[in-house]
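Now for the letters of each chain:
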Amino acid sequence: MREALRGERLILAAKAAGAASLAWLLAPYVPYADAEYSYYAPLGVLVSMYPTVAGSARAGAQSLAGLGIGIALGLGTLGLVFVGLPAVIAVALVIGAGIVISGIRALGAGGDWVAIAALFVLLLGGPHAEAFSLSYLLTMAFGVLVGVLTNVLVVPPLYLRRASERLTALRDAVCADLRDVADALDRGTIDPGWLSDAGSRLGGMLNDVSDEVLLAEESSRANPRSRRRADERRLNARRMAALERSTRAATELADLLARGSAEHLFADEQTRSELASAVRASADLAESPAADPRAQERLRSAVGKLDDALAQLGRRSAQTDEAPHAHAYAYAAALCVRRIVDASRDFIAATA
């Protein structure tokens, strides 16, 4: 219910309701269209009222394309009925052909309208199928036009701030889990089940946030409200790029530690301590916002602690007869930390 009652959704609902009513009132004045079919105008508004301006224009154009193809299919099948094709076969023909045509990827949302429009023309057109089809197409097109214009002119939706908030939530989740991993390494009690759950949760959050950033980027296209928000768009894109790398590295780190701890491959206390320090420093670094004056200091600390961890791994490999796969797991974990540090380094350089 929180998602359904968000401010953006309520504004979209209010705009759709107002646009549908306006389209219905003005539809009788559409040239060459019969006022009897004015109810198709609100339907045109519905198919074009998307959460973004670009999405509205795209969905409207695709719907009209699918509608036009469906009308042509319906008129062609109706012609066959007039020369003797049984009606029951005609119905099956337009439905089957319409569903096949709807598979054309370029039609997008308009694919659903091919079979529907063909069926309407076939069953409702009758002897006046041409007049019905023209009114159907023109009235729907008028509704689409009203819907797109309403979306452009009345509070055009822009989701840059929402995307930024979701990026911050993902960053905080990644950093919190990295610190929990570091604490577990310090204690020497690594729970494989918790690590697996943490990796899955971060992966799901990353997918959701990626969708939000893509929606925000699409909402900026053809949107007059985005003209002065170019810096915010670029920052969101850079944060997404850095967080995607960091989240995937953190997820892989959790997976490595889960598998390694299950096989008791992280028994050496000194190795765990050095890894824990590097992981904790990488979390502090990843938490740095854009243009943070302490970012360079955090970067030096993270690089230093990572170098210490790699040096400790090198010493332990040379001084002990530890199983090679135990050293490989620990080294792979350190490389995951390096990927987090590198992602943060690139972000700091891009936003300095």
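A quick note: this is a predicted structure, and the numbers were derived from the prediction, not measured.

K.L.:
Can you walk me through the nonpolar core in this structure?
P.N.:
Generally speaking, a soluble globular protein has its nonpolar side chains buried in company with each other. Counting residues in each nonpolar core, the largest one holds 54 residues, and the members touching the most others are L178, L185, L195, L253, L257, V279 and V337. Going through the elements one at a time, α7 (160–187), α8 (192–220), α9 (230–262), α10 (269–286), α11 (295–319) and α12 (324–351) are the ones with two or more residues in this core. In terms of residues, this core owes the most to one element, α7, which gives 12 residues. When near neighbours in sequence (up to four residues on either side) are disregarded, L185 contacts I190, L257, R272, L275, A276 and V279.

K.L.:
Explain helix α5 (residues 111–124) to me, please; I cannot follow it from the model alone.
P.N.:
A turn of α-helix holds 3.6 residues, and therefore any two residues three or four places apart point the same way. The end-to-end C-alpha separation of α5 is 21 Å, in line with the 20 Å expected for 14 residues at 1.5 Å each. All buried positions along α5 are accounted for by G111, W113, V114, A115, A117, A118, V121 and L122. The elements touched by buried residues of α5 are α2 (40–48), α3 (53–82), α4 (87–102) and α6 (129–153). Following α5 by one or two positions, G126 adopts a phi angle in the positive range, close to 60 degrees.

K.L.:
Before we go on, may I ask you to explain the state of the cysteines in this structure?
P.N.:
The bond known as a disulfide is covalent and runs between the sulfur atoms of two cysteines. By the definition in use, this model includes 0 disulfides. Sulfur of C175: no disulfide; nearest cysteine sulfur belongs to C336 and is 16 Å away. For C175, a relative accessible area of 1% corresponds to the buried category. Judged by relative accessible area, C336 falls into the buried class, the value being 1%.

K.L.:
Even after reading the chapter, I still don't get the pattern of salt bridges, so can you show me in this structure?
P.N.:
When the charged atoms of two side chains lie near each other, side chains of opposite charge can form a pair. Summed over all chains, the structure comprises 20 salt bridges. In this structure, E287 and R179 form a salt bridge, with 2.7 Å as the shortest nitrogen-oxygen distance. Highlighted residues: E287 in the loop between α10 and α11 and R179 in helix α7, separated in sequence by 108 residues. Here R298 ties to D292 by a salt bridge, and the two come within 3.8 Å at their closest N and O atoms.

K.L.:
Please explain unusual backbone geometry as it appears in this structure.
P.N.:
Both trends apply: most residues other than glycine have a negative phi, and most peptide bonds are in trans. Positioned with a positive phi, Y32 is a non-glycine residue whose angle comes to about 65 degrees. The exposure class assigned to Y32 is exposed, which follows from its relative accessible area of 73%. For V155, which is not glycine, the phi torsion reads 45 degrees and is therefore positive. Structurally, the position occupied by V155 is in the loop between α6 and α7.

K.L.:
Could you clarify how one ought to interpret the packing of aromatic side chains in this entry?
P.N.:
How two aromatic rings sit relative to each other is set out by the distance from centre to centre and by the angle between their planes. According to the stated counting rule, one finds 8 aromatic pairs in the structure shown. A ring pair is formed by Y37 and Y39, whose centres lie 6.4 Å apart and whose planes are at 70 degrees; its orientation type is edge-to-face. Where Y37 meets Y40, the ring centres are 6.4 Å apart and the plane angle is 25 degrees; that geometry is what we call stacked. Owing to a relative accessible area of 14%, Y37 belongs among the buried residues under this scheme. Clustering of aromatic rings is evident, with ring pairs tying together Y37, Y39, Y40, F120, F132 and Y136.

K.L.:
Explain α10 here, please?
P.N.:
Helix length check: α10 (18 residues) gives 26 Å between terminal C-alpha atoms against 26 Å at 1.5 Å per residue, within 8%. Looking only at α10, the buried set comprises T271, R272, E274, L275, A276, A278, V279, A281, S282, A283, L285 and A286.

K.L.:
Can you walk me through the side chain of N236 in this structure?
P.N.:
Note on placement: N236 falls in helix α9. Using a relative accessible area of 3% as the deciding quantity, one classes N236 as buried.

K.L.:
Would you mind going over the environment of W24 with me for this structure?
P.N.:
Structurally, W24 is set in helix α1 (residues 7–26). On the basis of relative accessible area, W24 is assigned to the partly exposed category, the value being 49%. Expressed as a C-alpha distance, the spacing of W24 and V154, which sit 130 residues apart in the sequence, is 18 Å. Other than its neighbours up to four places away in sequence, W24 contacts S38, Y39, A41 and P42.

K.L.:
Hey, could you run me through the packing of α2 against α6 in this one?
P.N.:
Two quantities define a packed helix pair, namely the angle between the helix axes and the distance between the axes. Their axes nearest at 6 Å, the elements α2 and α6 cross at an angle of 45 degrees. With respect to α6, the element α2 is oriented oblique. As for the relative orientation of α2 and α6, their crossing is right-handed in sense. Touching Y40, A41, L43, G44, V45, V47 and S48 of α2 are F132, Y136, T139, M140, F142, G143, V144, V146, G147 and V148, all from α6.

So, how was this worked out
- Residues numbered from 1 in each chain as written.
- Predicted model: local features only at pLDDT ≥ 70, side-chain atom pairs only at ≥ 80, totals over all residues.
- Heavy atoms only, no water.
- Core = buried A, V, L, I, M, F, W, Y, C linked by side-chain atoms within 4.5 Å.
- Buried < 20%, exposed > 50% of the residue type's maximum accessible area, 1.4 Å probe, protein only.
- Helix = DSSP H or I, 4+ residues; strand = E, 2+ residues; numbered from the N terminus.
- Contact = heavy atoms within 4.5 Å.
- Expected span 1.5 Å × (residues − 1).
- Disulfide = S-S within 2.5 Å.
- Salt bridge = Lys/Arg side-chain N within 4 Å of Asp/Glu carboxyl O.
- Phe/Tyr/Trp six-rings, centres within 6.5 Å; stacked < 30°, edge-to-face > 60°.
- Axes fitted to C-alpha atoms, helices over the stretch in contact; angles between N-to-C directions.
- Parallel < 35°, antiparallel > 145°, perpendicular 65-115°, else oblique.
- Left-handed = near helix turned anticlockwise from the far one by under 90°.

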